[in-house]
Amino acid sequence: MHKNIRIKTGDITKEQVCAIVNAANSSLLGGGGVDGAIHRAGGDAILEACKEIRAGRYPEGLPTGEAVATTAGAMDASYVIHTVGPIFSRCGNACESLLASCYTNSLNVALELGCKDIAFPAISTGIYGYPKEEAARIAYRSVKDFLDEGHEMTVSFVFHNAQDRKIFEESIRGL
Ligand code: AR6
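Residues numbered from 1 in each chain as written. Predicted model: local features only at pLDDT ≥ 70, side-chain atom pairs only at ≥ 80, totals over all residues. Heavy atoms only, no water.

Undergrad: Even after reading the chapter, I still don't get unusual backbone geometry, so can you show me in this structure?
TA: The phi angle of most residues is negative, glycine excepted, and most peptide bonds adopt the trans form. Despite not being glycine, Leu28 shows a phi value in the positive range, around 60°. Residue placement: Leu28 occurs in the loop between β2 (19-24) and α1 (33-42). Judged by relative accessible area, Leu28 falls into the buried class, the value being 2%. The phi angle at Ser124 is positive, at roughly 75°, despite the residue not being glycine. When you line up the elements, Ser124 lands in the loop between β5 (117-120) and α4 (132-148). (Helix = DSSP H or I, 4+ residues; strand = E, 2+ residues; numbered from the N terminus. Buried < 20%, exposed > 50% of the residue type's maximum accessible area, 1.4 Å probe, protein only.)

Undergrad: Could you clarify how one ought to interpret the side chain of Asp164 in this entry?
TA: Here Asp164 lies in helix α5 (residues 162-171). With residues near it in sequence (within four places) discarded, Asp164 still touches Lys132 and Phe159. (Contact = heavy atoms within 4.5 Å.)

Undergrad: Even after reading the chapter, I still don't get the packing of α1 against helix α2 (residues 44-55), so can you show me in this structure?
TA: The packing of two helices is summarised by the inter-axis angle and the distance between the axes. Packing of α1 against α2 brings their axes to within 6 Å, and their N-to-C directions diverge by 115°. The orientation of α1 relative to α2 falls into the category roughly perpendicular. Of α2, the residues touching α1 (which contributes Ile38, His39 and Gly42) are Asp44, Ile46, Leu47 and Cys50. Each residue belonging to the contact of α1 with α2 can be placed in one class, and the counts come to four nonpolar, two polar and one charged. (Axes fitted to C-alpha atoms, helices over the stretch in contact; angles between N-to-C directions. Parallel < 35°, antiparallel > 145°, perpendicular 65-115°, else oblique. Nonpolar A, V, L, I, M, F, W, Y, C, P; charged D, E, K, R; others polar.)

Undergrad: In this structure, what is going on with the nonpolar core? I would like to understand it.
TA: A general trend in soluble globular proteins is that nonpolar side chains are found buried together. Core analysis: the biggest nonpolar cluster contains 35 residues, and Tyr103, Ile118, Phe120, Val143, Phe157 and Phe168 have the highest contact counts within it. Every element with two or more residues in this core is listed here: β1 (5-9), β2, α3 (95-112), β5, α4 and β6 (154-159). Residues Ile12, Ile20, Leu62 and Val84 belong to the second largest nonpolar core, which totals 19 residues. (Core = buried A, V, L, I, M, F, W, Y, C linked by side-chain atoms within 4.5 Å.)

Undergrad: Looking at this model, I keep getting lost on the state of the cysteines. Mind explaining?
TA: Throughout this description, disulfide means a covalent bond between two cysteine sulfur atoms. In this structure the tally under the stated criterion is two disulfides. Across the disulfide, Cys18 is cross-linked to Cys115 (sulfur-sulfur distance 2.0 Å). Across the S-S bond of Cys18 and Cys115 the torsion is about -60°, and the bridge reads as left-handed. Placement of the pair is Cys18 in the loop between β1 and β2 and Cys115 in the loop between α3 and β5, with a sequence separation of 97 residues. This pair shows no difference in class: Cys18 is buried, exactly as Cys115 is. In this model Cys91 forms its disulfide with Cys95; the gap between the sulfur atoms is 1.8 Å. Where Cys91 bonds to Cys95 through sulfur, the torsion about that S-S bond is close to 95°, and the disulfide is right-handed. Once the disulfide-bonded cysteines of the protein are ranked by sequence position, their pairing pattern turns out to be 1-4, 2-3. Residue Cys50 stays outside any disulfide, its sulfur separated by 15 Å from that of Cys102, the closest cysteine. The buried category is assigned to Cys50, whose relative accessible area is 0%. The thiol of Cys102 is not disulfide-bonded; the next cysteine sulfur, from Cys91, is found 10 Å away. (Disulfide = S-S within 2.5 Å.)

So yeah, pure geometry; function would need other evidence.
In structure tokens:
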């Protein structure tokens, strides 16, 4: 395990880090899963900031694999970095590179914000149906490659339950 990677079980909205990542959809206007939890915990300020992003930089919605930052509203984190994971049944040959882009682009946004720590949920592995084992390997490799470039960042993977955490830990063994 890379020395700057942490694996946790819990609610990502409670993380006391500079940035938490949201597994959003391209509308940026909220949804279920971790997206719903983040908007509920952070309050209206997040939705307002997302609407501004839609009105400005991304009128057609945030493309899959891209990442943008907003306030974290009432949460302890300073920022939410919204990224859109691929829908597994629709991404074909591009699934792996799109999911890797979610992690890499989110990390680069965190870097631009001056963050030294960031927490990720298991992007695309809920409603978007990405197989958890494969998603784990892609997530871990993307983060490890970024850290191996020498960036100073502590990265947490936060799983909603112990079973998902176990799948992740077993899937990345030996990487
Ligand atoms: N803390 C940490 N992880 C969580 C939390 C939480 N509070 N809540 C759920 N998870 P999903 P996706 C886990 O479905 O697959 C939304 O409607 C969950 O157990 O949230 O990328 C969006 O608006 C799972 O392991 O995201 C999009 O439309 C992981 O977060 C769509 O779902 C991701 O599951 C995105 O689907």
